[in-house]
Amino acid sequence: MTVKEKDARYIAGTYARFPVTLVRGSGAELFDDGGRRYIDMGSGIGVNIFGAADPEWTAAVSAQLSTLAHASNLYFTEPCVRVAEKLALKSGMKKVFFANSGAEANECAIKTARKWAAEHKGADHFTVVTLEGGFHGRTLATLAATGQEGLHRDFLPLTPGFVYAPAGDAEALERAVSENKCAAIMIETVQGEGGVLPLGGEFIRAAEDIARRHDILFIVDEVQTGVGRTGKFYSYMHYGVTPDIVTSAKGLGGGLPIGAALFGERTEGVLTPGSHGSTFGGNPAVCAGAEVVLDRLTGEFLAEVTRKGERLAAALRGAAGIRQVTGLGLMLGAETVRPVADILSELRAEGVLALKAHDRLRLLPPLNIPDSLLDEAAEKIAKVCAK
Ligand SMILES: *Cc1c(COP(=O)(O)O)cnc(C)c1O
């Protein structure tokens, strides 16, 4: 059987995979089983922030694997403590809970918000207001937090306690908060899966202000936007807001599964022994990789992300067949005239692997992609979109 046939035979049918079998990579270049080379404009889905087989990251993870891969949270281990310290220093947040995915980080954020609200406002204040078109994960609670009806179908009843407000409408958000007994507002700053749609500083600051005036928590889901993707360490830093909880995953591990919920002053003491946990959370091998990621995301590196993002956006903006370019840093979306599925398949034929988000082209290249590859990809994208 071919890989494709075995996949169909043995793997649950949740993924409509692209017809490519990837076998290896080097930086922002990936190679398939026929030796064909592709430029990586997706980083997995915003995960491989230094591309494939980064030497420093690989060495750090390998060294930890051959020392102690796993210990459990019954014991102290050094890598997770170092990563937590570095996350706190970079973000100004106070404490970290480690999980293994974005959904699990958001589950932790939701549980923490409910516990905080039960202790500060009463057990009936459990509602979390999220935004239409948002995406927070695929577990039952994070699916309920995700304001996209199409994803809910077939999985009812949803976990109760979530209300959606239209994205970008501060008055409607305030109404939703006023009409419910709330624990928190939870938003992305740029709706990633929703189509790479930035909510904008005015709305994001209004959302924080509403949370403050109603004395509820302000949670920012940085699973896709975080860890340098938008040109700041976390995207909320573009807007001068201070979340009570930040969730992080995808790029944080640089290629291995990790999730983190970061707590600020109001929430750092909410979780107590026994209230939450994760068998693999803070795994030493995974954290060894995350530490390399954090060490390399310097101010200089982030300025390069901004510069490259502007370079890519400028190359696509105004190109024939592209109606609009959205996003921040190296998280870009393009509304194309032709169907995005056709664009993606023609890009593959040209040797470029990209993503979609709803009906838009989505570009999340490795953050260290060299200009030469970025320009080559931009040229091919413009060419395909213009057809
Ligand atoms: C991908 C994503 C998630 C879910 O992350 P998983 O690791 O797939 O569970 C949650 N929130 C946002 C904003 C995401 O982009």
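Residues numbered from 1 in each chain as written. Predicted model: local features only at pLDDT ≥ 70, side-chain atom pairs only at ≥ 80, totals over all residues. Heavy atoms only, no water.

- The chain has the name Acetylornithine/succinylornithine family transaminase in an unreviewed UniProt entry, where Candidatus Limadaptatus stercoripullorum is given as its organism.
- According to the UniProt record, the Cofactor (unreviewed entry) comment for the chain is "pyridoxal 5'-phosphate".
- The heading Pathway (unreviewed entry) in the UniProt record of the chain holds the text "Amino-acid biosynthesis." (UniProt positions renumbered as here; feature names shortened; annotations may be inferred.)

## Concerning the sheet that holds strand β4 (residues 95–99)
- The strand order across the open sheet built from seven strands is β4-β12-β11-β10-β7-β5-β6, with neighbouring strands paired in mixed fashion. Every interior strand has two partners, whereas the edge strands, β4 and β6 (162–165), have only one. Averaged over all adjacent pairs, the angle separating strand axes in this sheet is 20 degrees, with direction ignored.
- Where strand β5 (residues 127–131) and strand β7 (residues 182–187) come together, three bridges link them in parallel fashion. When the bridges of β7 are listed, V129 appears paired with I185. (Pairing = 2+ DSSP bridges. Helix = DSSP H or I, 4+ residues; strand = E, 2+ residues; numbered from the N terminus. Axes fitted to C-alpha atoms, helices over the stretch in contact; angles between N-to-C directions.)

## Some details on the packing of aromatic side chains
- Taken as a whole, this structure holds three aromatic pairs when the rule is applied.
- A ring pair is formed by F50 and F301, whose centres lie 5.9 Å apart and whose planes are at 85 degrees; its orientation type is edge-to-face. Here the residue F50 occupies a position in the loop between α2 (43–46) and α3 (55–65), and F301 occupies one in helix α11 (residues 299–316), the gap between them amounting to 251 residues. In this structure, F50 and F301 share a single accessibility class: buried.
- Look at Y234 and Y236: their rings are 6.1 Å apart centre to centre, the planes differ by 15 degrees, and that puts the pair in the stacked class.
- Grouped by ring-pair contacts, the aromatic residues F233, Y234 and Y236 constitute a single cluster.
- Above the face of the F31 ring, R24 is positioned so that its terminal group lies 4.2 Å from the ring centre. (Phe/Tyr/Trp six-rings, centres within 6.5 Å; stacked < 30°, edge-to-face > 60°. Buried < 20%, exposed > 50% of the residue type's maximum accessible area, 1.4 Å probe, protein only. Lys NZ or Arg CZ within 6 Å of the ring centre and 35° of its normal.)

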